[in-house]
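The primary structure of each chain is shown beneath.
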Amino acid sequence: MAALIGNPLIKALIVLFLVSVATATGDAPFIVAHKKASLNRLKSGAERISVSIDIYNQGFSTAYDVSLVDDSWPQDAFDFVSGNTSQSWERLDAGGLLSHSFELEAKRQGMFYGAPAVITFRIPTKAALQEAYSTPILPLDVLAERPPEKKFEWRLLAKYGSQISVISIVVLFIYLIVTPSKSSGAKASKKR
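Procedures and definitions
- Residues numbered from 1 in each chain as written.
- Predicted model: local features only at pLDDT ≥ 70, side-chain atom pairs only at ≥ 80, totals over all residues.
- Heavy atoms only, no water.
- Pairing = 2+ DSSP bridges.
- Helix = DSSP H or I, 4+ residues; strand = E, 2+ residues; numbered from the N terminus.
- Axes fitted to C-alpha atoms, helices over the stretch in contact; angles between N-to-C directions.
- Core = buried A, V, L, I, M, F, W, Y, C linked by side-chain atoms within 4.5 Å.
- Buried < 20%, exposed > 50% of the residue type's maximum accessible area, 1.4 Å probe, protein only.
- Contact = heavy atoms within 4.5 Å.

(A) Spotlight on the sheet that holds strand β9 (residues 130–133). The strand order across the open sheet built from four strands is β5-β3-β8-β9, with neighbouring strands paired in antiparallel fashion. Edge positions in the sheet fall to β5 (86–92) and β9, since each has one partner strand and no second. Along the sheet, successive strands turn relative to each other by an average axial angle of 20°, direction set aside. Here six bridges tie strand β3 (residues 63–69) to β5, and the two strands are oriented antiparallel to one another. When the bridges of β5 are listed, L68 appears paired with Q87.

Have a look at this one:
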């Protein structure tokens, strides 16, 4: 047991556990934000980006004057279709969730690397505004040349469907003949 506690890895895990317990028992909001973006190709050749940001309060008290700003979308590369990149709320209760979404349309082709959104909030016990960051998005390949998706080939089904069905019926018939059934095995044991 003494050798186990003397291990530096075990000591580090114990310290990490104690620090997490100490911060978890604190009476403060703990803001976690998740930013997601998805590309939607339109028939006209344009591409829209749908962005959603979810803000969670994992702490034990309410956060007040919560505001979200996401200025990582340059105006020379994107046009706003709906929504805006900033939003404010009066409060976020402990264990609560706030969501914000907006939609953009791409103006030019290329890779886009989005920065995290900034969330500011106020805690009644502290005078200074607190700041949290969302997760960054994965790189987006905007207006990229994508090969057409491979659709199910109905031509092949029409051409070879009858042969496939005949072969599968023959295989099923052979399988039923070769494998003994449980009921015939039970009858044979009763006759003995």
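Here the narrative resumes.
(B) Representation of the nonpolar core in the model. The biggest cluster of nonpolar side chains holds 28 residues, and the ones touching the most others in it are I31, I55, V66, W73, F78 and I119. Elements with a minimum of two residues in this core: β1 (31–41), β2 (47–57), β3, β5, β6 (97–106), β8 (118–122) and β10 (140–142). Once residues lying within four places of it in the same chain are set aside, the contact partners of W73 are K35, A37, I49, V51, F78, T85, F102, L104, F112, I137 and L140.

(C) Representation of the environment of V142. Positionally, V142 belongs in strand β10. Here V142 falls in the buried class, since its relative accessible area comes to 2%. Residues V142 and R41 lie 101 residues apart in sequence; the distance between their C-alpha atoms is 9.6 Å. Among all residues touching V142, those that are not within four sequence positions of it are E47, F78, A106, R108, Q109, G110 and F112.

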